[in-house]
Amino acid sequence: MSSVTIHAPEKPAEPATRMRAQDRRELILQAATAVFGERGYVGTTTDAIARAAGVSQPYVVRMFGTKETLFLEVLHRALDKLLTNFRRALAEGIAAGESGQAVAHRIGLTYADLLTDRGLLLSLMHAFILGSDPVIGKAAREGFLDVYKFLRFDAGFSPAEADVFLAHGMMMNTMVGLRMADEYANGDPCAIDLLEAAMPTKLHLLLDASAQSASAPGKTA
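Residues numbered from 1 in each chain as written. Predicted model: local features only at pLDDT ≥ 70, side-chain atom pairs only at ≥ 80, totals over all residues. Heavy atoms only, no water.

Broken down by element type, the protein chain carries 11 helices and 0 strands. Starting at the N terminus and ending at the C terminus, the protein chain contains elements arranged as α-α-α-α-α-α-α-α-α-α-α. In the protein chain, buried positions account for 39% of the 221 residues. For the protein chain, the exposed area adds up to about 12700 Å²; of that, 58% sits on carbon and sulfur atoms. (Helix = DSSP H or I, 4+ residues; strand = E, 2+ residues; numbered from the N terminus. Buried < 20%, exposed > 50% of the residue type's maximum accessible area, 1.4 Å probe, protein only. Areas by Shrake-Rupley, 256 points an atom, 1.4 Å probe, with all protein chains shown as cover.)

Right, let's get into the pattern of salt bridges. By the definition in use, this model includes 11 salt bridges. Among the ionic pairs, Arg118 bridges to Glu38, the shortest N-O distance being 2.6 Å. With Arg118 in helix α6 (residues 118–128) and Glu38 in helix α1 (residues 21–43), the pair connects residues that are 80 residues apart, well separated along the chain. A relative accessible area of 15% places Arg118 in the buried class. One salt-bridge network, held together by shared partners, links Glu92, Glu98 and Arg106. (Salt bridge = Lys/Arg side-chain N within 4 Å of Asp/Glu carboxyl O.)

In this section: the packing of α1 against helix α4 (residues 67–95). Contact geometry of α1 with α4 gives a least axis separation of 9 Å together with a crossing angle of 100°. In terms of axis orientation, α1 runs roughly perpendicular to α4. Facing Arg25, Glu26, Leu29, Gln30, Ala32, Thr33, Phe36, Tyr41 and Val42 of α1, the residues of α4 in contact are Lys67, Glu68, Leu70, Phe71, Glu73, Val74 and Arg77. Residues of the contact of α1 with α4, tallied by class, amount to 8 nonpolar, 2 polar and 6 charged. (Axes fitted to C-alpha atoms, helices over the stretch in contact; angles between N-to-C directions. Parallel < 35°, antiparallel > 145°, perpendicular 65-115°, else oblique. Contact = heavy atoms within 4.5 Å. Nonpolar A, V, L, I, M, F, W, Y, C, P; charged D, E, K, R; others polar.)

Going through the model one piece at a time under the given rule, you end up with 8 aromatic pairs. Ring pairs connect the aromatic residues Phe86, Tyr111, Phe150, Phe157 and Phe165, which therefore count as one cluster. Taking the ring centre of Tyr41 as reference, the NZ or CZ of Lys67 above it sits at 4.6 Å. (Phe/Tyr/Trp six-rings, centres within 6.5 Å; stacked < 30°, edge-to-face > 60°. Lys NZ or Arg CZ within 6 Å of the ring centre and 35° of its normal.)

The next point concerns empty space enclosed by the protein. Which parts of space are left empty comes out when a probe the size of a water molecule is rolled across the atoms. Within this structure, the stated rule accounts for 1 cavity of 30 Å³ or more. The computed volume of the largest cavity comes to approximately 160 Å³. Taken together, Leu82, Phe86, Tyr111, Leu124, Phe128, Phe144, Val147, Phe165, Leu166, Gly169, Met170 and Asn173 make up the full set of residues lining the largest cavity. Where the lining of the largest cavity is concerned, the elements lending two or more residues are α4, α6, α7 (136–154) and α8 (159–178). With 5 residues, α8 is the single largest residue contributor to the lining of the largest cavity. (1 Å grid on protein atoms, 1.4 Å probe; cavity = no way out; pocket = protein on both sides within 12 Å on 5 of 7 lines; lining within 4 Å. Points joined across faces, edges and corners; volume = space filled by probe spheres on them.)

Further remarks concern a negative patch on the surface. On the surface, a cluster of negative charge is contributed by Glu183, Asp188, Asp193 and Glu196. Summarising the element assignment, Asp188 is placed in the loop between α9 (180–185) and α10 (189–198). (Patch = residues over 30% accessible without salt bridge, like charges linked within 9 Å, V, L, I, M, F, W, Y side chains within 5 Å. Lys, Arg positive; Asp, Glu negative; His and termini not counted. Charge placed at Lys NZ, Arg CZ, Asp CG, Glu CD.)

The next point concerns the side chain of Thr46. For Thr46, the position within the fold is in helix α2 (residues 46–53). A polar contact of 2.8 Å, which involves the side chain of Thr46, links it to the side chain of Gln57. Here Thr46 is in contact with Gln57, Val60, Val61 and Lys67, once residues within four sequence places are set aside. (Polar contact = N/O pair within 3.5 Å; in protein donor to acceptor, adjacent residues only side chain to side chain.)

See below:
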């Protein structure tokens, strides 16, 4: 009797891996952060966010509902990232035996590192100017106070120290929003004085971020 070789059926080709819903959600939030940062809440549409994320506008609406809900998600994500970085800096400072001004300086440098995320900082600014909005304004106030509580009770800042820290941080945000780095690059002496005094060790981050933003392909119009 001749032997018969039985071949196992070929396995079907593996389907292409699809992006997980959580990953796609994060992609949309990243795009929304950038678009809200540049256009503001009023000037942004879910269609513009969808184009920036490379998805359809109905998908954005299906995942987040309204533009307001999406903006709140962007706000909470920005605040979470801010406080996570602050808490990490505080823990590193304590581990290094630092206290007082040394810890405050470390946290300040951590904030300066966030200058590379222009959309994050400007999204916070847009939320803060919507204080009269019954929903967004309330969320923005609560978030700002959460940062203050961290500085006061976790990091041990005095009210005056927290005031100085927050004032300096808001000035840095303002310079990011104004694209003051452009005037620095153009050689304006006042812009140079201001930026070098405000960010003596982290100015290169702002300048690099500004240059990358200006040359980024496919920048949202």
